[in-house]
Amino acid sequence: MLHPARSINSFRKKSILIVHMVTFVMMLLLITTNVLNASQVSLTWSAEDAAGYRLYYGTTSRTYSWVVDTGSMTSYTVQNLSAGPVYYFAVKSYDSSGHESSYSNEVSFNTGSCTYTISSSSITVPATGTSGNLTVTTQAGCTWTATTGVDWVTIISGASGSNSGSVAYTVAPNTTGASRSATFTVAGQIFSITQNAGQVFAISASAGTGGAVSPSGTTSVVSGGQQAYAITPTSGYGINKVLIDGTSIGAASSYTFTSVKANHTISATFTKTTTYSLTLNKTGTGTGTVTTSPTGTNFAAGTVVTVTATPVATSIFTGWSGACIGTSTTCKLTMYSAKTVTAKFTAKKYYTISAATTTGGKISPIGTSYASSGTNLTYTVTPSAGYKVKYILVDDLIMNWGATSYTFRDISTNHTITAYFTKL
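Within every chain, residues take consecutive numbers counted from 1 along the sequence as written. Predicted model: local features are reported for residues with pLDDT of at least 70 only, side-chain atom pairs are reported and counted for 80 or more only, and whole-chain, interface and lining totals are derived from all residues. With hydrogens and water set aside, each side-chain value is computed from the structure's full complement of heavy atoms.

A. How the structure looks around the packing of aromatic side chains. Ring pairs shown here join Phe, Tyr and Trp side chains whose ring centres sit within 6.5 Å, with only the six-membered ring taken for Trp; geometry is labelled stacked below 30 degrees between planes, edge-to-face above 60, and tilted in between. Enumeration according to the criterion identifies 19 aromatic pairs in this entry. Summarising the aromatic geometry, the rings of Tyr169 and Phe184 are spaced 5.6 Å apart at their centres and angled 85 degrees between planes, so their arrangement reads as edge-to-face. Linking Tyr169 in strand E14 (residues 165-171) with Phe184 in strand E15 (residues 180-186), this pair joins segments that are 15 residues apart in sequence. Taken individually, Tyr169 and Phe184 each receive the classification buried, so the pair is uniform in this respect. The rings of Tyr57, Trp66, Tyr87 and Phe89 are connected pair by pair, giving a single aromatic cluster. Either the NZ atom of lysine or the CZ atom of arginine qualifies as a charge over a ring when it sits within 6 Å of the ring centre and within 35 degrees of the ring normal. Positioned above the aromatic ring of Tyr94 is the side chain of Arg54, whose terminal nitrogen or guanidinium carbon lies 4.1 Å from the ring centre. Helix and strand assignments follow DSSP, with helices taken as H or I runs no shorter than four residues and strands as E runs no shorter than two, numbered in order from the N terminus. For every residue, the accessible area (1.4 Å probe, protein chains only) is compared with the maximum for its type, and the residue is labelled buried under 20%, exposed over 50%, or partly exposed between those bounds.

B. Highlighting the sheet that holds strand E4 (residues 66-71). Taken together, the four strands give an open sheet; going across it, the order is E4-E3-E6-E7, and neighbouring strands pair in antiparallel fashion. This sheet does not close on itself; its edge strands, each paired only once, are E4 and strand E7 (107-110). Direction aside, the axes of adjacent strands within the sheet are offset by 25 degrees on average. DSSP calls a pair of strands paired once it identifies at least 2 bridges connecting them. Bridge analysis of strand E3 (residues 52-58) against strand E6 (residues 86-94) gives seven bridges, and the strand direction is antiparallel. Only C-alpha atoms enter the line fits that serve as axes; for helices the fit covers just the stretch in contact. Angles between N-to-C directions range over 0 to 180 degrees.

C. Expanded view of the pattern of salt bridges. Basic side-chain nitrogens of Lys or Arg form a salt bridge, by our definition, when they fall within 4 Å of a carboxyl oxygen of Asp or Glu. Taken as a whole and assessed by the stated rule, the structure comprises three salt bridges. The closest approach of N and O atoms between Arg54 and Asp69, which form a salt bridge, is 3.6 Å. In this pair, Arg54 sits in strand E3 while Asp69 sits in strand E4, placing the two residues 15 residues apart along the sequence. On the basis of relative accessible area, Arg54 is assigned to the buried category, the value being 8%. Counted as one network, the salt bridges with shared partners bring together Arg54, Asp69, Lys92 and Glu100.

Here's what the structure looks like:
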């Protein structure tokens with residue numbers, strides 16, 4: 001029974017529609033003879049837990065003019081389709097209350113014969129090559145393929161398709177020095193490509209011991225084209241220089257010839273990159289660090305290395321031995337051989353002074369301080385609000401009544417100092 005298409009979305013399961021595009025022999029014979037007065041198509045879809053199915057179809061995608069309730073059947077043959085137009089089909093399942101699912105996937109069927117046109121029948125391209133696109137126009141459901149037949153024309157997308165579409169292709173540079181042509185078959189149509197001959201130039205590449213220039217040997221480049229080269233040293237070597245047509249461009253690791261209009265040469269020479277070790281040592285009663293800039297222990301020949309000695313607070317740097325000399329904390333070395341340097345650190349002769357305070361104020365510096373032999377160290381005593389300094393006790397002796405500071409002079413032994421306060 002046919003009735004207008006309905007769309008009730010409360011039933012959410014989708015039917016999956018599969019069109020086999022199978023028609024009876026009568027239709028095949030009619031297509032063969034191009035007398036299209038009747039046609040039919042058989043459709044099958046997957047079963048679901050549903051009360052039944054409705055098949056929708058029409059000549060506009062997703063706008064259906066007819067619907068057939070197939071009951072519980074999951075296949076149906078639509079007959080008496082008009083010859084010529086493309087028909088579109090989709091299925092909905094429904095439950096026992098009549099609530100329908102959303103539409104299944106849509107398939108189409110072309111009741112007429114497939115015809116194909118392409119956007120161009122021929123093209124002439126330069127010797128440097130090109131890229132392009134061809135547009136294929138046909139009816140819905142019609143399939144097609146594209147082939148080039150030669151290795152210098154490459155299809156990069158659209159080697160096959162369905163419905164109307166496009167084919168993208170590239171034409172390689174012509175390095176043969178003679179024009180060439182090819183026929184490009186697209187959807188059964190012939191697309192002719194003619195490529196102009198270009199003047200071809202030679203670029204010769206060579207490399208000395210210790211590396212390679214790639215590509216090596218002689219490379220043909222069409223006029224106006226380009227060619228890139230990579231210069232790579234082998235292990236233990238570095239690039240000395242690169243010559244382009246006999247002129248040095250320095251230690252380049254790559255080079256590209258652009259807009260080639262003549263023959264060229266590229267060559268590279270390499271040098272051994274010997275490295276030398278730098279050994280760092282420390283000696284003496286003190287403590288410190290020895291660092292290098294640049295950092296490391298192995299350096300290429302000719303590298304200038306700065307060595308720095310840094311003593312800790314309780315030590316002093318007293319001099320170098322080995323490859324470095326003198327008492328400056330820094331030393332510069334040029335690496336043309338393996339070298340060893342030794343930094344000497346000497347512990348300072350110093351004494352401790354322990355400072356403490358009582359309630360009512362503070363003393364600065366507080367705790368244990370270190371003083372080198374013969375130096376001076378001053379302490380400051382500060383009473384809190386409501387207090388005053390009573391006295392300062394130095395090495396268990398009252399040294400100052402009411403004083404707010406005390407200085408140890410020409411220190412030659414350990415000391416203690418304590419500040420006492422009293423309320424105002």
